[in-house]
Amino acid sequence: MATTITITGAGGQIGYALLFRIAAGDMLGPDEPVRLRLLEIPQGLKAAEGAALELQDGAFSLLEHVEVTDDPAVAFDGANIALLVGARPRGPGMERGDLLAANAGIFGPQGAAIAAHAASDIRVTVVGNPANTNALIAASAAGGVPAERFTALTRLDENRARAQLALAVDAPAASVRRVPIWGNHSATQFPDISHATLDGVPLADALAERVGDVRAWQEQTFIPRVAKRGAEIIEVRGSSSVASAANATIEHTRDWVTGTDDWTSAGVVSHGEYGVPEGLICSFPVRSIDGRWEIVEGLELDDWARARVDASVAELVEERETVLALGML
Ligand code: NAX
């Protein structure tokens, strides 16, 4: 049976980069037929309809059906996977609270529609920013659906971190692993290199040989580069990250369904792991086993790392408090 995948914001940039890769089997593999549901707001429907026409023209052998709608009840009906990409961007003069409120107005109703209409094995990946708190809002509106089924994308941050480390040691990105992102998908995120491996062995010595003082390099070069990579892309490309974000969304969802052979990063619900308050959707080092994300436990965090994790988690707590105070949680 085909997997039903709902993509919100499907008429936008990341949507456009996602659709054709999913139809080509990049997310669920070459043997899994897919049915796509594209959800847009009325202003975005034409763009999504145009993408649907191009999907037809791709004559993809795995693509069984495409439907474009602005009705969440239709979009999430029977969905096995939901990629929540559409979000309200920060407009001029918009305060953080306004942004959270505007997005709560999107992700709350979508969470409720998922609870009412999606399949019982629904897996939700939130891409639209602020991704962690949007996932929290959707999860809390989705009564009856376990919070573990709602995740926020931090895989792009991890990929950026692995790529920067690989450049530093002059190795292919694929040989660098175990670089988890902790905390929020925001400038406070903590890309952690203390467990990083290069072809399966600790990377620390190779890195020290290249950069000298590793801690200084982390603070002055690596962390700012990773955390501000989105801004760098905008400056150079003249537009935000699109194909790399779609790629990360596909990798995150594929790993969730098919499993991992090593750690990766995902925003998942905390049950108090590493002292992160329960219920927050926080990025952790994770593995995917039997179709579920499991947080990698028992890792050492020294005082320096702990302070960075705490700062990012404090931001998540603040976001949750803002949304609670608005009565939207
Ligand atoms: P676009 O503005 O190109 O597309 C967004 C689309 O969402 C638009 O077509 C809009 O009509 C639609 N939309 C808005 N509200 C909707 C609703 N209630 N239901 C359905 N559709 C709705 O943005 P794009 O470049 O595609 O980025 C999408 C989101 O991804 C943004 O919030 C962006 O900040 C976020 N990102 C998240 C990343 C991550 O790693 N988590 C990285 C990339 C990206 O910055």
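Keep in mind it's a predicted model, so treat the numbers as computed, not measured.

## Digging into the pairing of strand β1 (residues 3-8)
Next up, step 1: Most of β1 is tucked away, with six of its six residues classed as buried.
Next up, step 2: Bridge count between β1 and strand β2 (residues 34-39): six bridges; the pairing is parallel. Counterpart to T8 in the pairing with β2 is L39.
Next up, step 3: Crossover β1 to β2 through helix α1 (residues 13-23) is right-handed.
Next up, step 4: Bridge analysis of β1 against strand β4 (residues 81-84) gives four bridges, and the strand direction is parallel. What sits directly across from T8, in β4, is L84.

## Notes on the confidence of the model for the protein chain
Next up, step 1: Predicted confidence across the protein chain gives a mean pLDDT of 97, with 100% of residues reaching 70 or more.
Next up, step 2: Taking the mean pLDDT of every element in the protein chain, the minimum, 95, falls on helix α4 (residues 96-117) and the maximum, 99, on β4.

## Regarding the packing of α1 against helix α2 (residues 45-58)
Packed helix pairs are specified by the crossing angle of their axes together with the interaxial distance, meaning the distance between the axes.
Next up, step 1: Running from amino to carboxyl end, α1 crosses α2 at an angle of 25°, the nearest separation of the two axes being 11 Å. Compared by their axis directions, α1 and α2 come out roughly parallel. In terms of crossing hand, the pair formed by α1 and α2 is right-handed. Judged by residue contacts, Y16, L19, F20 and A23 of α1 engage A51, E54 and L55 from α2.
Next up, step 2: Each residue belonging to the contact of α1 with α2 can be placed in one class, and the counts come to six nonpolar, no polar and one charged.

## With respect to the sheet that holds strand β7 (residues 176-177)
Next up, step 1: Strand order across the open sheet formed by three strands is β7-β10-β11, with antiparallel pairing between neighbours. The open sheet has two edge strands, β7 and β11 (201-202), and neither has a second partner.
Next up, step 2: With two bridges connecting them, strand β10 (residues 197-198) and β11 associate as antiparallel partners. Residue pairing across strands places L198 opposite V201, the latter belonging to β11.

## So, the site of the ligand
Next up, step 1: Close to the ligand lie 22 residues; Q13, I14, E40, V127 and N129 are nearest.
Next up, step 2: One of the side-chain nitrogen or oxygen atoms of N129 is found 2.8 Å away from an oxygen atom of the ligand.
Next up, step 3: In this structure, L153 approaches the ligand through a main-chain N or O atom, which is 3.4 Å from a nitrogen atom.
Next up, step 4: Considering the ligand on its own, with 880 Å² of exposed area, one finds that the protein chains cover 79% of that surface.
Next up, step 5: A per-class count over the shell around the ligand returns ten nonpolar, eleven polar and one charged.
Next up, step 6: Each of domain 1 (3-152) and domain 2 (155-320) gives at least three residues to the shell around the ligand.

## Comments concerning the domain arrangement of the protein chain
Next up, step 1: Each assigned domain of the protein chain is listed here: domain 1 (3-152) and domain 2 (155-320).
Next up, step 2: Here the C-alpha centre of domain 2 lies 24 Å away from the C-alpha centre of domain 1.
Next up, step 3: Listed by partner, the interface residues are 29 residues for domain 1 and 33 residues for domain 2.
Next up, step 4: Of the roughly 2,500 Å² buried at the junction of domain 1 and domain 2 (both faces included), carbon and sulfur atoms supply 61%.
Next up, step 5: The three residues of domain 1 that bury the most area against domain 2 are R123, N132 and L136, which together make up 24% of that side's buried surface.
Next up, step 6: Counting across the interface, domain 1 meets domain 2 through two salt bridges.
Next up, step 7: Of the charged contacts, one joins E315 and R96 as a salt bridge, the two residues approaching to 3.7 Å between their closest N and O atoms.
Next up, step 8: Across the domain 1-domain 2 interface, the total number found is 13 residue pairs in polar contact (both at pLDDT 80 or more).

Analysis parameters
- Residues numbered from 1 in each chain as written.
- Predicted model: local features only at pLDDT ≥ 70, side-chain atom pairs only at ≥ 80, totals over all residues.
- Heavy atoms only, no water.
- Buried < 20%, exposed > 50% of the residue type's maximum accessible area, 1.4 Å probe, protein only.
- Helix = DSSP H or I, 4+ residues; strand = E, 2+ residues; numbered from the N terminus.
- Pairing = 2+ DSSP bridges.
- Right-handed = clockwise from strand over helix to strand, strands pointing away.
- pLDDT = per-residue confidence, 0-100.
- Axes fitted to C-alpha atoms, helices over the stretch in contact; angles between N-to-C directions.
- Parallel < 35°, antiparallel > 145°, perpendicular 65-115°, else oblique.
- Left-handed = near helix turned anticlockwise from the far one by under 90°.
- Contact = heavy atoms within 4.5 Å.
- Nonpolar A, V, L, I, M, F, W, Y, C, P; charged D, E, K, R; others polar.
- Near = heavy atom within 4 Å.
- Polar contact = N/O pair within 3.5 Å; in protein donor to acceptor, adjacent residues only side chain to side chain.
- Areas by Shrake-Rupley, 256 points an atom, 1.4 Å probe, with all protein chains shown as cover.
- Domains from an automatic or database assignment.
- Buried area = accessible area lost by both parts, 1.4 Å probe.
- Salt bridge = Lys/Arg side-chain N within 4 Å of Asp/Glu carboxyl O.

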